[in-house]
Amino acid sequence: MVEIEIDGKKVEVPAGSMVMDAANKLGTYIPHFCYHKKLSIAANCRMCLVEVEKAPKPLPACATPVSAGMIVRSNSDKAVQAQKGVMEFLLINHPLDCPICDQGGECQLQDLAVGYGKSASRYEEEKRVVFQKDAGPLISMQEMTRCIHCTRCVRFGQEIAGVMELGMLGRGEHAEITSFVGKTVDSELSGNMIDLCPVGALTSKPFRYSARTWELSRRKSVSPHDGLGANLIVQVKNNKVMRVLPFENEAINECWLSDKDRFSYEGLNSEQRLTQPMIKQGGQWRETDWQTALEYVAHGLKNIKHEYGADAIAALATPHSTLEELSLLQKLVRGLGSQNVDFRLRQSDFALDGNVTPWLGMSIAEFGQLKRAFVIGSFLRKDHPLLAARMRQAVKMGAKLNILHGSDDDLLMPVANKMIKAPSAWLAALNEVVAAVAKAKGIAIPAGLENIEPSTDAVQTAASLMGDEPKAVLLGNAAAQHPQASLLHAAAQWIAENTGAKIGYLTEAANTVGGYLANATPGAGGNAQQVFAQARKAYLLFNAEPELDCANPQLARAALDQAEMVVAFSAYQHGIDYADVLLPIAPFTETSGTFVSCEGRVQSFNGTVKPLGETRPGWKVLRVLANVLSLAGFDYETSEAIRDEVIGAQHAADGDVTARLNNIAPHLPQFAGVSAPAGQGLERLADVPIYFSDATVRRAASLQKTADAKPPKAWMSASLLQQLGVATGDKVTVRQGTGTTVVNAGLDNSLPATVVKLAAAHASTAALGAMFGPISVEKFAGERA
């Protein structure tokens, strides 16, 4: 530690710290633009010049290392004069357009110009002009003349997002920030550049010219999308969500947001919002009141129970629903006498039910400090953008990442060992790692694996997990959705237990963990796959759009089409073809509730705007429906009462339920010696693209214009395209089960020769079957797309 003095106050900081760090520790503000605590030091704005005793001239606080006994003055005449001089130069070319600038009212340059700027400029020459650029549908670069070349956006891309999409051309007053020729900014974290920009050069395209910052009220919330539980500031004007920004929480999302969390609010204001209960009569949809709709539903459920028995009723929700909604849904269904309730719509192997509650197995902070990681079956970068950013930082600090996956995605970070295999070969690849671990440690190889000769990659992966550093074996969304998910878990658990690693799941949605705590699993009833495979007579769909949210949309649609009653609890007009009743329930901004994140963190939130039209919070709709059905135990006044019943008031208060979670299966399925499913020719690998993952994101207009939201293609390796006689861009007919679709072919050499990567969760692929398994592809009538 080194002691220095700033403005007469003494402070101790670690050796190697900068003067700016010491000032921050003291709470002394030094004006700055280019400095940011999460980015590398650039020292190119010079606004943070301070006077250092015995130094001949002012020095930049952000780039001046501390030394013992150093005396710094941040507001002496010399320092202030230097800061004012820098400000005059910064304003020389800056346009005087504060009244029409979107950054007005939250602009660092504006704030500091008041303190350090002159009332008039001495500069009389012509000001420079920088022409606008097209950075895509999310970031506006219309007024790049405002740019002060702090390079925060450039450094963010390189250091946090992992891809340099912006850079600087020219020098001196001809310098300008620009994207690569003809390219847009497509990173899944790009919106953070808007927050980082200290002036109005980079602004939000969807928010542009829609409101002033001082007109917005700010409310805290939690992201309903991926398992991280990112903290949000929801900004509201006239009862409408206008913008979403990150609420800084170092333990979760730091000061970042993924674009999915940031821009999905547009879906809340979609034209497809359902605002009135509707009943289908004679094939026609009619609006009705809540009393009539709920009595109609109750009457229908009673009739089906009376005629076919309670087992003919099933309820399915998405894991984006709140803890309270999932709890009341399962309670209502069980009150009717049925056990058929599930929220794991994309899962296809349920053998571990009752043994394993998938969660991260550690805190997010611990995840960021891993030194060795083995990630199995994960589209890491797109499924978990902010966890991938944490992993990227860990790899920079020396961590080693090993992956087993079906496609060699560009994770924008060095990967130590890769096993890129067809999904049907994942278990065999894991068995190789098991054998390699057993040989390296000199322990008994599980029966059935004695004759396996591990590949070089398997041996190196096993070796990577051998040290004493913090390490983890992590299963991604694709592993959890895999038809052999329980066997993959068993092999992964064996590897973790025998290498001293933690085992965890990179969970799919905001409330994947909460669904287990809410008991929204079937127990002895039918799970999400069974209730479609053995069709039921009544379905309650909660936030679910089965043809987009299910592991096998073909199966789901067939079951829904034959049902006598389908009730869709949804914020959107969806299921018009197969539903009988549409009940408008509130999205996360219009209800209070709780999400339990991947790390077992309980986060409750309140509504930020009033429900739209006749929309009602989902938990209230379920409570009243249960009352109409005369079910006991539904006398809740608040969502907090339901939460406290589910997880206990103490756990709700401390926000930690990890003691109730468990990744370790006490009785492992026999994974050793299990061969891959026989007769596999071409097989499908289905990702859920980042902007198709849930109902709200699918309706966010700007996100749907991005590169990541392009219609799915049938991606294949060059050898497979050649074998099929198909060129990139040709249309191909894809068949799976009883369904057929026509899509464009795409070249992806990161895929194994027998794999066709074709996205799920999109209307163009909703006619197909399971996310994994046999698939056939052939050229479509020789047309070009």
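Keep in mind that what you see is a predicted model, and the values were worked out from it rather than measured.

Enquirer: Requested: an account of the UniProt feature "domain: 4Fe-4S His(Cys)3-ligated-type" (unreviewed entry) in the chain, with residues and values cited.
Expert: UniProt annotation of "domain: 4Fe-4S His(Cys)3-ligated-type" (unreviewed entry) refers to residues 78-117 when read in the numbering used here. Structurally, residues 78-117 comprises 60% helix and 0% strand, and the distance from its first C-alpha atom to its last is 16 Å.

Enquirer: Describe the sheet that holds strand S20 (residues 417-420), listing the residues and the values that go with them.
Expert: The strand order across the open sheet formed by five strands is S20-S19-S18-S21-S22, and the pairing between neighbours is parallel. Edge positions in the sheet fall to S20 and strand S22 (502-505), since each has one partner strand and no second. The average undirected angle you get between the axes of adjacent strands in this sheet is 15°. Both strand S19 (residues 400-405) and S20 contribute to a ladder of four bridges, which runs parallel. In the strand pairing of S20, leucine 404 is matched with methionine 419. Helix H12 (residues 426-441) contacts strand S18 (372-376), S19 and S20 of the sheet and is inclined by roughly 140° relative to S19.

Enquirer: Please provide a residue-by-residue account of the packing of helix H7 (residues 290-308) against helix H20 (residues 618-628), values included.
Expert: The description of two packed helices rests on the angle between their axes and on the distance between the axes. Running from N to C, H7 and H20 cross one another at 60°; their axes reach a closest spacing of 9 Å. Between H7 and H20, the crossing angle belongs to the class labelled oblique. As H7 packs across H20, the resulting crossing turns out to be right-handed. Counted together, Trp290, Leu294, Glu295, Val297, Ala298 and Lys302 of H7 and Val621, Val624, Leu625 and Val628 of H20 form the full contact between these two elements. Its residues assigned to classes, the contact of H7 with H20 comprises eight nonpolar, no polar and two charged.

Enquirer: Summarise the side chain of aspartate 580; cite the residues concerned and give the values.
Expert: Its place among the elements puts aspartate 580 in the loop between strand S24 (565-570) and strand S25 (581-584). Within the local environment of aspartate 580, its side chain forms a polar contact with the backbone nitrogen of valine 566, the two atoms lying 2.7 Å apart. Once you skip the residues sitting within four places of it in the chain, aspartate 580 turns out to touch Met278, Ile279, Lys280, Trp285, Glu564, Met565 and Val566.

Enquirer: Give me the lowdown on the pairing of strand S23 (residues 538-542), citing residues and values where you can.
Expert: With respect to burial, S23 is a largely interior element, five of its five residues being buried. Along S23, one buried face is formed by Ala538, Leu540 and Phe542 and the opposite face, lined by Tyr539 and Leu541, is buried too. The sheet contact formed by strand S16 (residues 313-317) and S23 spans five bridges and is parallel. Pairing of alanine 315 across the sheet is with leucine 540, part of S23. Bridge count between S23 and S24: five bridges; the pairing is parallel. Considered in S24, the bridge of tyrosine 539 is made with valine 566.

Enquirer: So what about the packing of aromatic side chains? Which residues, and what values?
Expert: A full pass over the atoms with the stated rule returns six aromatic pairs. Relative to phenylalanine 605, the ring of phenylalanine 595 has its centre 5.0 Å away and its plane inclined at 35°; by these criteria the two rings are tilted. Of this pair, phenylalanine 595 sits in strand S26 (residues 593-596) while phenylalanine 605 sits in strand S27 (residues 602-605), and the two are 10 residues apart along the sequence. Its relative accessible area of 5% is what places phenylalanine 605 among the buried residues. Note that lysine 331 overlies the ring of phenylalanine 634, its terminal NZ or CZ placed 5.3 Å from the centroid. One Lys or Arg, lysine 537, reaches over the ring of tyrosine 308 and ends 5.4 Å from the middle of that ring.

What counts, and where the lines are drawn
Residues numbered from 1 in each chain as written. Predicted model: local features only at pLDDT ≥ 70, side-chain atom pairs only at ≥ 80, totals over all residues. Heavy atoms only, no water. UniProt positions renumbered as here; feature names shortened; annotations may be inferred. Helix = DSSP H or I, 4+ residues; strand = E, 2+ residues; numbered from the N terminus. Pairing = 2+ DSSP bridges. Axes fitted to C-alpha atoms, helices over the stretch in contact; angles between N-to-C directions. Contact = heavy atoms within 4.5 Å. Parallel < 35°, antiparallel > 145°, perpendicular 65-115°, else oblique. Left-handed = near helix turned anticlockwise from the far one by under 90°. Nonpolar A, V, L, I, M, F, W, Y, C, P; charged D, E, K, R; others polar. Polar contact = N/O pair within 3.5 Å; in protein donor to acceptor, adjacent residues only side chain to side chain. Buried < 20%, exposed > 50% of the residue type's maximum accessible area, 1.4 Å probe, protein only. Phe/Tyr/Trp six-rings, centres within 6.5 Å; stacked < 30°, edge-to-face > 60°. Lys NZ or Arg CZ within 6 Å of the ring centre and 35° of its normal.

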